[in-house]
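Residue-level listing of the chains:
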Amino acid sequence: MAEYIRCEERGAAAIVTLERPKALNALNVQVLSELYEVMDGLNSRPEVKVVILTGAGEKAFAAGADIASMSQMTPGEAAEFSRTGHRTMDRIASMRPVTIAAVNGYALGGGCELAMACDIRIASTRAKMGIPEVTLGVIPGFGGTQRLPRLVGLGKAVELLATGRPYKAEECREMGLVNQVVAPEELLERCLELAEAISRNSTGAISYGKQCMSTGLELDLARALDFEQRVFALTFTEHDQREGMEAFLQKRPASFR
Ligand code: CAA
C-alpha cells in the first residue's frame, strides 16, 4: 500500500495524486518508487485509457527532488538517486494510456521533469514551473536537460536552466511547456473532460501514434517517416481499424476495444 501516492478512478481515467503536501510533494526515493509501481500497475490495465497526475494541497504539483535527502549524498548515491528518478520518468513517458499532468502549483526541478514526462500538461493559473537546480549547484537529474529542449527548443531551455527562475503558467503556455492554462477550481474538471474525449477514440491507435511520435523524435526524418509507414500498416491488423472505418461508412458511432 503506497504511503505517498493516492489513486482513484473515474470511468476510463485514473487520477494519481502525489500525497506529501507538507514537503510540497518533494520527490524522495520512496515517492519515486511508489509512483513507479502505481504507474506500472495502471499501464497493465487496458480499461485505463488516461492517467491524470497531480499534487495534493493547493500549493504544489511537486517542488522538486527532495533537497533534504540529497544534501549529504555522495556522487555514487547521487547516481543511484538519478537512476531511480529516470526509471520512474521513463515508466511514465512510455505509458500506453495518455498521461496528463494537472499542474496545480509549483512544478520545479524534479517536479517540472515529472510534468514533462507526461504526454500533456494542463496548468492552473497558480502554477509556476522551472528548473532551479543551478541555484543549488547541480543540474536537473531526472531527464530535464533532455526533455525540456525537446519541448521548448534549445534557446528557451538554456534560459530556464541558467536563470533558474520559476515561470508563470501563461509564460509556460507561450513557450509550449504547457498546453493550456485554466482557473484553479476548473483544473481537474478540464482534465477529466479531456480524458473523456480521448477515451472515446481508439486506445490502440493512440498508443501506436504516441509510439511513432516518441520513437520518431529519436530518428532522422527519413527513418522516422519510414517507421510511420510501417506502423500505419500495422494498425490495419487491428479490430479498431475495421470497426472505425465501418462505423464511419454506416454513419454510426464506433465501438472501439
Ligand atoms: N525538497 C525538500 N523539501 C522541500 C522542497 C524540496 N524540493 N521544496 C519545499 N520543501 C519543503 C520546505 O523545506 C518546507 O518544509 P518545512 O515546513 O519543514 O520547513 C516546506 O516544503 C514548505 O516549503 P517553503 O516553506 O519553502 O514554502 P514557500 O512557499 O516559502 O516556497 C518554494 C515554495 C518556492 C517552492 C520553495 O519551497 C522552494 O524553492 N523549494 C525548492 C525548489 C527547488 O529548488 N527544486 C529543485 C530541487 S533539485 C532537483 O529537483 C534535482 C533533480 O532534478 C533531481
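Refer to the structure presented above.
Before going into details, it helps to say that this report is about the structure given with it. (Residues numbered from 1 in each chain as written. Predicted model: local features only at pLDDT ≥ 70, side-chain atom pairs only at ≥ 80, totals over all residues. Heavy atoms only, no water.)

## As for the site of the ligand
Taken together, 22 residues form the shell around the ligand, and within it Lys59, Ala65, Gly110, Glu113 and Glu133 come nearest. A distance of 2.6 Å is found between an oxygen atom of the ligand and a side-chain nitrogen or oxygen belonging to Glu113. Glu133 places a side-chain nitrogen or oxygen 2.8 Å from an oxygen atom of the ligand. Looking at the shell around the ligand, the elements with two or more residues in it are helix H2 (67–70), strand S6 (106–108) and helix H4 (110–117). Residue composition of the shell around the ligand, by class: 13 nonpolar, four polar and five charged. (Near = heavy atom within 4 Å. Polar contact = N/O pair within 3.5 Å; in protein donor to acceptor, adjacent residues only side chain to side chain. Helix = DSSP H or I, 4+ residues; strand = E, 2+ residues; numbered from the N terminus. Nonpolar A, V, L, I, M, F, W, Y, C, P; charged D, E, K, R; others polar.)

## Considerations on the sheet that holds strand S4 (residues 60–62)
If you trace the four strands from one edge of the open sheet to the other, you get S4-S6-S8-S9, paired in mixed fashion. The strands lining the two open edges of the sheet, one partner per strand, are S4 and strand S9 (167–168). Two elements, strand S8 (residues 128–130) and S9, share two bridges in a ladder whose sense is antiparallel. The partner of Lys128 across the bridge, within S9, is Lys168. Contacting S4, S6 and S8, H4 runs over the sheet at an angle of about 95 degrees to S6. (Pairing = 2+ DSSP bridges. Contact = heavy atoms within 4.5 Å. Axes fitted to C-alpha atoms, helices over the stretch in contact; angles between N-to-C directions.)

## As for the packing of aromatic side chains
In this description, an aromatic ring pair is defined by two values, namely the gap between the centres and the angle between the planes. Under the criterion given, the structure shown has two aromatic pairs. Note on Phe81 and Phe142: the rings are 5.4 Å apart at their centroids and 65 degrees apart in plane angle, and the pair reads as edge-to-face. With a gap of 61 residues between them, Phe81 in helix H3 (residues 75–93) and Phe142 in the loop between S8 and helix H5 (144–152) connect regions that are remote in the sequence. We note that Phe81, like Phe142, is buried. Sitting over the face of the ring of Tyr4, Arg20 holds its NZ or CZ atom 5.7 Å from the ring centroid. (Phe/Tyr/Trp six-rings, centres within 6.5 Å; stacked < 30°, edge-to-face > 60°. Buried < 20%, exposed > 50% of the residue type's maximum accessible area, 1.4 Å probe, protein only. Lys NZ or Arg CZ within 6 Å of the ring centre and 35° of its normal.)

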